[in-house]
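# Examining the three-dimensional arrangement
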Amino acid sequence: MKARIKFSKCGSMRFIGHLDVMRYFQKAFRRAHIPVSYSKGYSPHQILSFTSPLGIGLTSDAEYMDMELEECPEPERMVDWINSQMNDEIRVKDFVLLPDDSKPSMAMLAGCDYLVALKPDKVSVFRDRADMELVLADFLAQPEIKVTKQTKRSEKEIDLRPNIYKMEVRENGFFYMLASASSNYTKPEMVTNTFFHWIGEELPEFAFTVKRLEMYADKGENASPRFVTLESLGEEIE
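For the structure given in this document, a descriptive report is provided here. (Residues numbered from 1 in each chain as written. Predicted model: local features only at pLDDT ≥ 70, side-chain atom pairs only at ≥ 80, totals over all residues. Heavy atoms only, no water.)

## Focus on the packing of aromatic side chains
Inspection of every chain in the model, using the stated rule, returns 13 aromatic pairs. Consider the rings of Phe25 and Phe29, whose centres lie 5.8 Å apart with planes at 50°: the pair is tilted. Taken together, the residues Phe25 and Phe29, both in helix α1 (residues 18-31) and four residues apart, mark about one turn of the helix. No difference in accessibility class separates Phe25 from Phe29, as the two residues are buried. Plain terms: the ring middles of Phe195 and Phe196 are 5.5 Å apart, the flat faces sit at 85° to each other, and that makes the pair edge-to-face. An aromatic cluster of three or more residues is present, and its members are Phe139, Phe174, Tyr176, Phe195, Phe196 and Trp198. (Phe/Tyr/Trp six-rings, centres within 6.5 Å; stacked < 30°, edge-to-face > 60°. Helix = DSSP H or I, 4+ residues; strand = E, 2+ residues; numbered from the N terminus. Buried < 20%, exposed > 50% of the residue type's maximum accessible area, 1.4 Å probe, protein only.)

Encoded structure:
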């Protein structure tokens, strides 16, 4: 059977890379005696897949991982069993069973929420909130926001504007909802640097921190709500 886990990642664990996080969960599942399914062949491994690996240095309230289980006799106890083998900086928040025909969460991912916190000693131009909201409105009113995106082999110019679903001023920072599918994945770092370049300031390194708040699937423009959390696509455990 298929299942999806939602977990948080904070503190010093934000410096742990994706492969180490994967190994961390594999060991935790073995210690907690979670009946994870294994691949076949000479080198069997647990059948797990992460939605969108978090970048080094970023924290998150909502990371997702899909898994296959041989059985799940007590799903309501799964969160406690797994957390009993985890440290305080990576915690499982929810566990849902998935329909057999469900798509992988990575294929369903369409958007992510982020909170960007500016460091006062690094950013001198941040105005009061009301003034910054007016500046932000002008920034978003542009029909196009052209930026040069570096790829593995070359550079290409893209329009950021369609990929910014929401951008709001928060105390000493911003809230974003950005496109996050594989075809239009938009990094909050790029949006932040582009905005400050537009107002005439080039940010130094490590001028802000980024926290991912949630991940969403897109149910279509005619759906209400259009964007739903990845955990809502599963079956809630009573």
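There's plenty left to go through after this.
## Details of the layout of surface pockets
There is about 400 Å³ of room inside the largest pocket. Contributing to the lining of the largest pocket are 16 residues, with Leu58, Phe206, Ala207, Phe208 and Thr209 lying nearest its centre. Elements with a contribution of two residues or more to the lining of the largest pocket: α5 (188-198) and β10 (208-218). In terms of residues, the lining of the largest pocket owes the most to one element, β10, which gives three residues. In terms of residue class, the lining of the largest pocket is built from nine nonpolar, three polar and four charged. (1 Å grid on protein atoms, 1.4 Å probe; cavity = no way out; pocket = protein on both sides within 12 Å on 5 of 7 lines; lining within 4 Å. Points joined across faces, edges and corners; volume = space filled by probe spheres on them. Nonpolar A, V, L, I, M, F, W, Y, C, P; charged D, E, K, R; others polar.)

## Overview of helix α4 (residues 129-140)
End to end, α4 covers 16 Å across 12 residues, agreeing with the expected 16 Å (1.5 Å per residue, within 8%). Those residues of α4 that fall on the buried side of the exposure criterion are Met132, Val135, Leu136, Phe139 and Leu140. Seen along its axis, α4 keeps its buried residues to an arc of 135°; they face one direction. Close packing links the buried residues of α4 with β8 (164-170), β9 (173-179) and α5. (Expected span 1.5 Å × (residues − 1). Arc of directions from axis to C-beta. Contact = heavy atoms within 4.5 Å.)

## Section: the nonpolar core
With 37 residues, the main nonpolar core has Phe139, Ile164, Met167, Phe174, Tyr176, Phe195 and Phe196 as its most contacted residues. With near-sequence residues (within four places) excluded, Phe195 lies in contact with Met132, Val135, Leu136, Phe139, Met167 and Phe174. Counting residues in each nonpolar core, the second largest holds 26 residues, with Met13, Tyr24, Val36 and Phe50 among its members. (Core = buried A, V, L, I, M, F, W, Y, C linked by side-chain atoms within 4.5 Å.)

## Considerations on the pattern of salt bridges
Tallying each qualifying case throughout the model produces 10 salt bridges. We note a salt bridge from Lys6 to Glu214, for which the minimum N-O separation is 2.9 Å. Here the residue Lys6 occupies a position in strand β1 (residues 2-9), and Glu214 occupies one in strand β10, the gap between them amounting to 208 residues. Assigned by exposure class, Lys6 and Glu214 land together as buried. A salt bridge links Arg23 to Asp20; the nearest nitrogen and oxygen atoms lie 2.9 Å apart. In this pair, Arg23 and Asp20 both sit in helix α1, three residues apart, roughly one turn of the helix. When its relative accessible area of 42% is taken as the criterion, Arg23 is described as partly exposed. Residue class for Asp20 comes out partly exposed when judged on its relative accessible area of 41%. Salt bridges here are not isolated pairs; linked through shared partners, they connect Lys6, Glu214 and Glu231. (Salt bridge = Lys/Arg side-chain N within 4 Å of Asp/Glu carboxyl O.)

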